[in-house]
Amino acid sequence: MSWFEGRAAAMAAGIAVAPLLALALSACGFQLRGTQKLPFEAIFVNTPPNSPLGTTLTRQIRAGTGTRTVGQANEAGAVLDILAEARDKEVLTLNAQGRAVEYKLIYRLRFRLHDGKGQEFIAPTELRAQRDISINDSQLLAKESEEALLYRDMQTDLVQQLLRRIAAVRLRADQG
């Protein structure tokens with residue numbers, strides 16, 4: 001058998017296995033994450049104007065849900081207040097000279113969701129994400145970039161968690 005025939009047989013086997021794999025994944029309940037259904041037609045995201053978190057939240061709501069974001073709280077069925085956002089760094093490990101060689105990066109997000117008229121959907125809640133990072137004195141610039149990337153990754157994770165919590169809100173029957 002030539003090399004070409006061997007590759008063709010391997011491709012044919014792969015093509016035959018692909019539908020079986022797809023069937024097995026669908027049988028276990030796996031499905032790709034599509035758009036989320038938020039229980040509100042419109043939401044007001046209360047963050048400072050140039051907030052990276054606010055930009056990420058607004059983008060995720062517009063792209064990943066059927067809910068629209070509005071510019072005024074009185075136009076929305078829900079108001080998302082970002083109460084606090086904090087980035088912390090804790091020393092995990094020291095070397096023999098007493099220098100930090102490993103840190104724990106922590107990103108905290110505190111929020112609440114209400115209708116703007118006194119009805120609270122989600123009481124003030126804190127979400128937290130953390131990542132570990134090692135530090136090498138010879139690669140400081142690269143590690144600073146990695147740290148920024150890890151914080152951005154944690155922010156994206158917390159935005160996804162936040163949207164899942166909003167999606168789980170159940171409205172009373174007398175509300176829209």
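What counts and how
Residues numbered from 1 in each chain as written. Predicted model: local features only at pLDDT ≥ 70, side-chain atom pairs only at ≥ 80, totals over all residues. Heavy atoms only, no water. Helix = DSSP H or I, 4+ residues; strand = E, 2+ residues; numbered from the N terminus. Contact = heavy atoms within 4.5 Å. Pairing = 2+ DSSP bridges. Axes fitted to C-alpha atoms, helices over the stretch in contact; angles between N-to-C directions. Phe/Tyr/Trp six-rings, centres within 6.5 Å; stacked < 30°, edge-to-face > 60°. Buried < 20%, exposed > 50% of the residue type's maximum accessible area, 1.4 Å probe, protein only. Lys NZ or Arg CZ within 6 Å of the ring centre and 35° of its normal.

*Asks:* Help me understand the overall build of the protein, please; the structure alone is not making it clear to me.
*Replies:* A count of helical and extended segments in the protein gives three helices and five strands. For the protein, the N- to C-terminal ordering of α and β elements is α-β-α-β-β-β-β-α. Looking at the protein alone, contacts between residues at least 24 apart form 67% of all its contacts between residues at least 6 apart.

*Asks:* Explain the sheet that holds strand β5 (residues 120-134) to me, please; I cannot follow it from the model alone.
*Replies:* Paired through backbone hydrogen bonds, the strands of a sheet run either parallel or antiparallel to each other. Overall, mixed pairing links the five strands, which are arranged β2-β1-β3-β4-β5 in an open sheet. Looking at the sheet topology across the chains shown, the edges are occupied by β2 (68-69) and β5. In terms of strand pairing, strand β1 (residues 42-46) meets strand β3 (residues 78-94) through four bridges, oriented parallel. Within β3, the position partnered with Asn46 by the bridge is Asp81. Running at roughly 155 degrees to β5, helix α3 (residues 140-167) makes contact with β1, β3, β4 (100-114) and β5 of the sheet.

*Asks:* Teacher, can you tell me more about the packing of aromatic side chains here?
*Replies:* By convention here, two paired aromatic rings are described through the distance between centres and the angle between planes. Taken as a whole and judged by the stated rule, the model has one aromatic pair. Arranged with centres 5.1 Å apart and planes meeting at 50 degrees, the rings of Phe40 and Phe121 form a pair that is tilted. Of this pair, Phe40 sits in the loop between α1 (3-27) and β1 while Phe121 sits in strand β5, and the two are 81 residues apart along the sequence. Neither Phe40 nor Phe121 differs from the other in exposure class; each is buried. The ring centre of Tyr103 lies 4.6 Å from the NZ or CZ of Lys89, which sits over that ring.

These figures capture arrangement, not role.
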